[in-house]
Every structure is written in structure tokens, then in C-alpha cells.
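# A structural walkthrough
Here's the letter readout for the chains.
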Amino acid sequence: MSPSPPRRPQRRAASTRPASYDESLLDAELQALLGDAASRRVRRLRRLSAEERQRETETEALIALSLGFPIDELLPEERPLLPAHIADAPNDYIVVRNHILASWRADPGAPLPLARVLETVAASYDRLVAAAHGYLAREGHINLGVSAAFPAAPPPDAATQGAAAVLVVGAGLAGLAAARQLLRFGLRVLVLEGRARPGGRVYTARLGEDKAAVELGGSVITGIHANPLGVLARQLGLPLHKVRDRCPLYYPDGRTVETRLDRSIDLVFNTLLDHATRLRESLNEAAERISLGEAIEKLRRLYHVARTDDERMVLDWHFANLEFSNAAGGNFRLIHALCDGVPVLYEKKVSRIEHGVDGVSVTVEEGQIFQADMVLCTVPLGVLKSGSIIFDPELPEEKLGAIQRLGFGLLNKVAMVFPHVFWDEDIDTFGCLNKESSKRGEFFLFYSYHTVSGGAVLIALVAGEAALEFEKVDPVVSLHRVLGILKGIYGPKGVTVPDPVQSVCTRWGSDPFCSGSYSHIRVGSSGADYDILAESVNDRLFFAGEATNRAYPATMHGALLSGLREASKIRRASENLVNSDQKKNSLPKSLKPPNGALLDLFLEPDLAFGRFSFVFSSPTPDDPEAPGFLRFSLDKHLLLQPNKPELNGDQKDYSSASGAFHLYATVSREQADRLQK
């Protein structure tokens, strides 16, 4: 049975004017509960009355609940990872676990060591504290992030000799989160990314003379304290703008939708969603053959609601907003922070993944082969659906079925930079209705980014079926349609809509690296398909990404959490590998110099700067056409380290002596000089 349909984000009626930059209600409550780290420690260390202790326990339970933990029980995946005597009687453990979660969220910029927690809890609970702290740290619920306190490297005292090697396919949020965590666990990691940039479906473009930052992919973080992306933003000190609730709606002729009608249809829409939920629950498996849209339309006719043209247009707008509400969100500055210290090879489009009991082998389009112990595949669902990556052996039938059944939706944007802001600066969003139901998702919502982008940026969204048609239309035609809508809204108000300085139309559906925008449950699929997609294959092949997160699909934080989840699974699998007789893999032999000749050649380079060294053919090394070799050196700790071989006789161990990993290429003297400049 399909899960309950998602309720769209709250949107305040046009006449309501809330304070512009207040946090959401949940964020405000969490901030009040969390307080600051110092005050929490002081309260904990002093003697608390029974009433105060009970109140604090309840507060910490609410914080844990906001982070996805049940108030008074274990997570399904938590139970098997705990000692049996704790899992069977978990009440005291849960209280301790919630206390640790609340303590770290009060100050997520600094590590929360076990010793500090022990100082705040009675000694009789030391074993529970150790169990809870160990679980939360291993599973990525505490002590993680992008601040200086959490580098992408293991602690100095960690044992990394003989650690397993892991290849990560994809440098989006899931891949980068997993790679950072695995590096902190002490594993050897290399990320392969097909694009020339990190981020995946999160992409920031610089447009206009002022180089305004325009988010062409994910752009919204839902919540600050409960969302792990909000935690990363707090660690980086990034300024975040609260998207204001007021979102006026406009008819195609520019008239503003009346507040009474707006609120009335808003109530009707959410009531239909509730009824559709109960209908699908009562139909059980039969509901999988009925789409959410079909169910709501049948209920609309049954209850005789939204019958006039105006009412139907407003209801269609809510449908489009629901389709959009399942799209991803985020901020590209977080991607750059996640990349710090993570070894990534770009423009390595993976075409084949072989997996077996002896390890994995990943082939990229140009034929280069990478070998490791395990591989984490984080490519979008659209790529899996396209079949552009061959798995050998083939994926299990159950997983192939989940890939086929789940839907992969599309959200596109028209991003425009104007010479000045001509729209209402007191709002961040406004909507536009469409007379045709089939086009309800076409430019239905406009986002203003002038408060955060550094320019007069306005973005029009295209969702659902309209997003598919949008990719077939010439971008110039699409831009003219958007400008026509804006002129229809603001022209009657006496406002002149200028031509944009620059504009961009996205084509996420045509992008071979994603083939769409976000996963969703369509007719014939269910929430169980997300779980199936997340299953690993023989502890060698793992999967992450928003389409593997049943709790938070189609979101950026869902992708991030899936990466942390898989990092923990890979760590456990690597521990089993260390304890077994199975061999561990190293870098492909093709990436290792066969002997020390190249190292000897570069002992006295003709030209050197930064990480680059050059040698040119004699006797004319200064000739612009002189051929030569380039060497680019990377610190060895940033890369997968091969197992140290046993050396015979007078063999030289160049890998350990150099302390670096080298990449070589042929260049001319002229190219070297240009690179230096």
C-alpha cells in the first residue's frame, strides 16, 4: 500500500503579514528547548529536583523526536546494533540517548566526547552512556559536519593500517556525506564524479554583471535545528533567509485571488488529501493502482467542491504546489564545504560496476578501471532507470523491480536576473493560476532571491507534466511566456516589467547525469520500494541517495542522511572483512608507477610551482615546442592507500618514501608556461 500522500508546506493567505524573518514554529521551539551548550551543562551538573529532572527528560525527548527518533522506543535499525540486555529493556538507554542528542545539538560546532557526557550522567549509567554515544557517533547522528572540528580524516590515534578501500560513485550530497564519514572512520576512499563539478542536482550559477548567485537546482533547507543541513549551515555560519509565508495568488489576467476564496480552497484541498489518505488505507494493495490525483479528483466530484472556474484554477494551483513540494532543496555553499578534504576525480562517468566476493571493479567511459573492496553507488534514480550503468552480476530482481516501479519526477526553472527589483519586496513567493488543468504546473510559482543572491533574481518554477513539455520548447519562447505572465500581473498595477539582463532555462530531464529531479511514489509502487533500493548486495555493493530514504525521499537532507547511513553500513562490512580471510584491494595497478624511473626523472625538474613539476627534452628545454612531462602531486593521505608490499633485495619503496601520489601527463613547454601564468 502506498504511504499517506505528503501534506504540502503551509502557505499563509495573501492578506496575512507575518514577521519577515522569524524562524518556523518548530525551529523557535527547538531553540528554546536547546538553549546554549554552557547553560545546559551547568543545569545538568547541579543537583536537579525530581520535577526539574522529569521536565528536562521530557524536553530532551521532544528534541530527539524532532530529529526522527521515537520518544519512548528504539528505532527499528537501532535495536539490532545494541547489546541484547539493553535492547530488551531500553527505557533507561532511551533517556540517555535523548540526552546525548540534545547535548550535541545545543552546540554542533564542537565534538561531544564520551568523557563530557559521562560528567553529566550518574556513574551507574556509564555502560548505557557508552552504548548510546557509540551508536550515535557510528550512525552519524552526532559529531559530524563541516566545521574545522570535523575534518575529512581519521583521528590522529586511529589505526588505519590495512583499512578497506571504498569507491564512491557520485559527488552529490549523499556521496560526499558518505565519503567524509568514511574518511573519518579511517577507511580509504575515492569519489568518482561524472560531471566537471560536485553537487549533482544542486548547482549554483553566477549570472548578470554582479554575478548574482542563482540556484538552478535545490535551493531550500526545510527547518534549521531538526534538519542536518541546517546544522551544517550553523557550523559554517552561513546566513539563512527565512522564506516568508505570505504567497499571494494571481489569476492569468493579473487579478489577485480573494483571501476568502484562497482560504476556502486551501481548506478543501487539505480535506481532500486527508480523505484520499483514508481511502488508500482502506483499499490496501488495490490503492497501488490508483494515483493520488485520480483519488482526489474522484473525491472532488463526489463532494461537489471546487465547481466554478475560479475555484478549479485555485485547486489546480494547489495540485501543482504539491507536485513541487516533493522536490529537493539545499545550498551549494554546503557542497563546497563537504568537498573539503575529500578526494574526488571529476569527469569520470561510470559505465560498469562489477561486484563479487573478491571485491569490486568500476569502469569509466574512457576505459579506466578502479578496484576496491566495496563500492557505494549514489547516482540518481533516473540514471538507474536509464540503464547507462551495467552491473555485473545483474542486480537482484527485487531491486530491479523497485527501480522500475518508483517514479522520477521533474522540476525545471526559468532563472532571470533583472536590472532592478520591480516586484513586491515584502514577499519571497507569489503564485499564478492557469486556465488549463493540463498546464497547472507551468510557471505556477515564482521565487524571489533578491535577499540572498546579490542581485534582482526571480525564478519561475515548472512542475509535473508541464515540466516535461517545457524541455521541448525553445528557451527564448519559454522566457517570453514568463515575461508575459509577469506583465499580466504587474502591468495593471502601473509597473513596467524590464527585460532580464540574463536568463537560464534548466533541462534536468535531459541531463544524462540525473534524467529528472526527484523520486516519488507513482501508481504501482509503494514506500517499501525505497527500502528495497537501499539494500546492499553481498556487503560489496551499496546504494545511497534521496531515492533510498523512505523517511525523507525527494529532499536534500534525505540524500545526506542516506550517505551517513551507508557509511555506517560500509564500516560494519569493512570490520567483517578485516576479520575474514578475504583479501583487501588497493588502487588499480595502472595508477602505480612500475618502478622508480619517473621519480628519479623529477629529482631535478626544469620547472616547478605549487604541486606541478615539469621536465623537458634536452638540449632545448626553453623551446615553446619542446615536449615534456608534467607531474601533479597529491598528499598520499587523501587517496586510497595500497597495502604495503613485501620488498625483496634492494627494491625501493617509492610509495612510502615520497609520501605523495603522482599523476603524469605529456605537455609542451608553451603549455607549461601558460599553466604557470
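Overview of the structure.

Basis of the calculations
- Residues numbered from 1 in each chain as written.
- Predicted model: local features only at pLDDT ≥ 70, side-chain atom pairs only at ≥ 80, totals over all residues.
- Heavy atoms only, no water.
- Helix = DSSP H or I, 4+ residues; strand = E, 2+ residues; numbered from the N terminus.
- Buried < 20%, exposed > 50% of the residue type's maximum accessible area, 1.4 Å probe, protein only.
- Salt bridge = Lys/Arg side-chain N within 4 Å of Asp/Glu carboxyl O.
- Pairing = 2+ DSSP bridges.
- Axes fitted to C-alpha atoms, helices over the stretch in contact; angles between N-to-C directions.
- Phe/Tyr/Trp six-rings, centres within 6.5 Å; stacked < 30°, edge-to-face > 60°.
- Lys NZ or Arg CZ within 6 Å of the ring centre and 35° of its normal.
- 1 Å grid on protein atoms, 1.4 Å probe; cavity = no way out; pocket = protein on both sides within 12 Å on 5 of 7 lines; lining within 4 Å.
- Points joined across faces, edges and corners; volume = space filled by probe spheres on them.
- Nonpolar A, V, L, I, M, F, W, Y, C, P; charged D, E, K, R; others polar.

What follows deals with the environment of Thr277. With respect to the helices and strands, Thr277 occurs in helix H10 (residues 259-283). Its relative accessible area of 15% is what places Thr277 among the buried residues. Separated by 19 residues in the primary sequence, Thr277 and Ile296 have C-alpha atoms spaced 9.6 Å apart.

Right, let's talk about the pattern of salt bridges for a bit. This model, assessed by the stated rule, comprises 27 salt bridges. Linking Glu78 and Arg97 is a salt bridge whose minimum nitrogen-to-oxygen distance equals 2.9 Å. Of this pair, Glu78 sits in the loop between helix H3 (50-66) and helix H4 (84-88) while Arg97 sits in helix H5 (residues 91-106), placing them 19 residues apart in sequence. We classify Glu78 as buried; its relative accessible area is 0%.

What follows deals with the sheet that holds strand S21 (residues 612-616). A sheet is described by the order of its strands in space; here four strands give the open sequence S20-S21-S22-S23, paired in antiparallel fashion. Looking at strand neighbours, the two that pair on one side only are strand S20 (607-609) and strand S23 (660-668), the edges of this open sheet. Averaged over all pairs of adjacent strands, the angle between their axes in this sheet comes to 15°, without regard to strand direction. When S21 meets strand S22 (residues 627-635), the two strands line up antiparallel, connected through five bridges. Bridging from a neighbouring strand, Phe614 pairs with Leu630 of S22.

Moving on to the packing of aromatic side chains. Within the structure shown, the criterion is met by 17 aromatic pairs. Three or more aromatic residues joined by ring pairs form one cluster here, namely Tyr250, Phe418, Phe422, Trp423, Phe430, Phe446 and Tyr490. The aromatic ring of Phe513 is capped on one face by Lys349, whose charged end is 5.4 Å from the ring centroid.

Moving on: empty space enclosed by the protein. Taken as a whole and assessed by the stated rule, the structure comprises six cavities of 30 Å³ or more. Lining the largest cavity are 35 residues, with Gly200, Thr378, Val379, Pro380 and Phe513 sitting closest to its centre. Of all the secondary structure elements, the ones that give two or more residues to the lining of the largest cavity are helix H8 (173-184) and helix H19 (556-578). Among the elements that make up the lining of the largest cavity, the one with the highest residue count is H8 (three residues). A breakdown of the residues in the lining of the largest cavity according to their chemical character gives 17 nonpolar, twelve polar and six charged.

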